[in-house]
Amino acid sequence: MSIRLAIGILLSCAITVALAWLAVERPFAGPPPLPALIAHRCGTADAPENTLTACRLALSYGVKKLWVSVQVSRDGVPVLYRPRELAALTDGAGDVAEMSYASLANLNAGWHFQETGASGAVTYPYRNAPVHIPALEDLIEQLPEDVELFVDIKTPDAARAAQAIADVLQRHGMWNRTWIYSTLADNLRAFDSHAQAHRFEAREQTRQRLATLAMEQRCANPPAAGARIGFELRRAMEVTEPLTLGPGTSKVSALLWNARSMECFNAANGSHITLFGINSERDYQLAATLGADAVMVDSPKAASAYRPGASGPLRRLLARWGWPES
């Protein structure tokens, strides 16, 4: 046997062994899991926000995390509704806090929801098919056991809201799969007496840390291990400079997150970072590259189309190697 023939046989065997090794199912330390989808207000772009109709639709697209806005009625019932003024979204008027739950439940929460057809014509599909303001309890009673809930408190009456929400979560054993968020720090502090409550870091703390990173290039006071962080990927901001003749202000659209900020927020390890306002494939890919744990989307329907699945040939191959799915 010639040396050339022997080398050829050895190369052929090596290639065969390598291909067989690649085909074997085995764990593969691939890229980190893709960011999970959180349906913002249960999918505010797909159906009337914070309604059971929107929540069911989000679940139908495979979303396992629902973000809902919560206020408390005059008689102490936590309800899913965002604006203080009922006329903003419903066929009613007045403040949520001034209405009884029975009155709120009779309003059409889809009154102003619009759909634009292919011809550009605008319709209001829910005016003849009313959807109502649900109680938080209505949603929880219908939630599958593998779905997480994110409660965004939209009321300045912190103590009253915290107790009403805590009563519902306690009654249904929901503490372990519910996260509490609010743009008002008082609404988060109001849960201090509820040891089971899982809360996001106060928004002002997150904002200050991001600003310090952007302006001073230093990581100030990293969050505690296991902290839950939520903030926009991009944010319209104003930069004010004190001057002798008066302050000068510039408006900017700031990209707030990069590898340095992710490293800062994960400095104590175990932080869970959710990026808000992810409503394009480009921003989803950026969030995935940064290593975000979750992204908040307005349209689960649209996100299900651009979020990578196991459909492409490369994706299917990586899935065989154990690429993690979130």
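Structure: above.
Residues numbered from 1 in each chain as written. Predicted model: local features only at pLDDT ≥ 70, side-chain atom pairs only at ≥ 80, totals over all residues. Heavy atoms only, no water.

Here is the idea: a disulfide is a covalent bond, and it sits between the sulfur atoms of two cysteines. Per the stated rule, a full pass over the model turns up 2 disulfides. There is a disulfide in this structure between C42 and C55, and the S-S distance comes to 2.0 Å. The S-S bond linking C42 to C55 shows a torsion near 80 degrees; that makes this disulfide right-handed. Here C42, found in the loop between β1 (36-40) and α2 (52-60), pairs with C55, found in helix α2; they are 13 residues apart in sequence, far enough to count as distant. When its relative accessible area of 1% is taken as the criterion, C42 is described as buried. (Disulfide = S-S within 2.5 Å. Helix = DSSP H or I, 4+ residues; strand = E, 2+ residues; numbered from the N terminus. Buried < 20%, exposed > 50% of the residue type's maximum accessible area, 1.4 Å probe, protein only.)

So, about the side chain of S73. By the secondary structure assignment, S73 is in the loop between β2 (65-72) and β3 (78-80). We classify S73 as buried; its relative accessible area is 0%. Of the polar contacts made by the side chain of S73, one reaches the side chain of D75; its length is 2.5 Å. Not counting residues within four places of it along the chain, the set of residues in contact with S73 comprises V96, A97, M99, S100, Y101, L104 and R160. (Polar contact = N/O pair within 3.5 Å; in protein donor to acceptor, adjacent residues only side chain to side chain. Contact = heavy atoms within 4.5 Å.)

A separate point is the environment of D157. With respect to the helices and strands, the residue D157 is situated in the loop between β6 (148-153) and α5 (158-171). Residue classification places D157 among the partly exposed positions, given a relative accessible area of 37%. Along the backbone, D157 and N187 are 30 residues apart, and their C-alpha atoms lie at a distance of 7.8 Å.

A general trend in soluble globular proteins is that nonpolar side chains are found buried together. By size, the foremost hydrophobic cluster in this structure holds 67 residues, and its most contacted members are L66, L139, L149, W257 and L275. Per-element accounting of this core gives the leading share, 8 residues, to α5. Of all hydrophobic cores here, the second largest spans 10 residues; its members include A36, W67, F150 and W179. (Core = buried A, V, L, I, M, F, W, Y, C linked by side-chain atoms within 4.5 Å.)

All told, the structure shown has 11 aromatic pairs when counted by the stated rule. A ring pair is formed by F113 and Y126, whose centres lie 5.7 Å apart and whose planes are at 75 degrees; its orientation type is edge-to-face. Note that F113 is positioned in the loop between α3 (101-105) and β4 (115-116) and Y126 in the loop between β5 (122-123) and α4 (136-142), a separation of 13 residues in sequence. Y126 carries the same exposure label as F113, and that label is buried. Taking 6.3 Å as the distance between ring centres and 75 degrees as the angle between the ring planes, the aromatic pair formed by W179 and F200 counts as edge-to-face. Separated by 21 residues along the polypeptide, W179 in strand β7 (residues 178-181) and F200 in the loop between β8 (198-199) and α7 (203-216) bring together distant segments of the chain. No difference in accessibility class separates W179 from F200, as the two residues are buried. Over the ring of Y124 we find R127; its NZ or CZ atom is 4.1 Å from the centre of that ring. (Phe/Tyr/Trp six-rings, centres within 6.5 Å; stacked < 30°, edge-to-face > 60°. Lys NZ or Arg CZ within 6 Å of the ring centre and 35° of its normal.)

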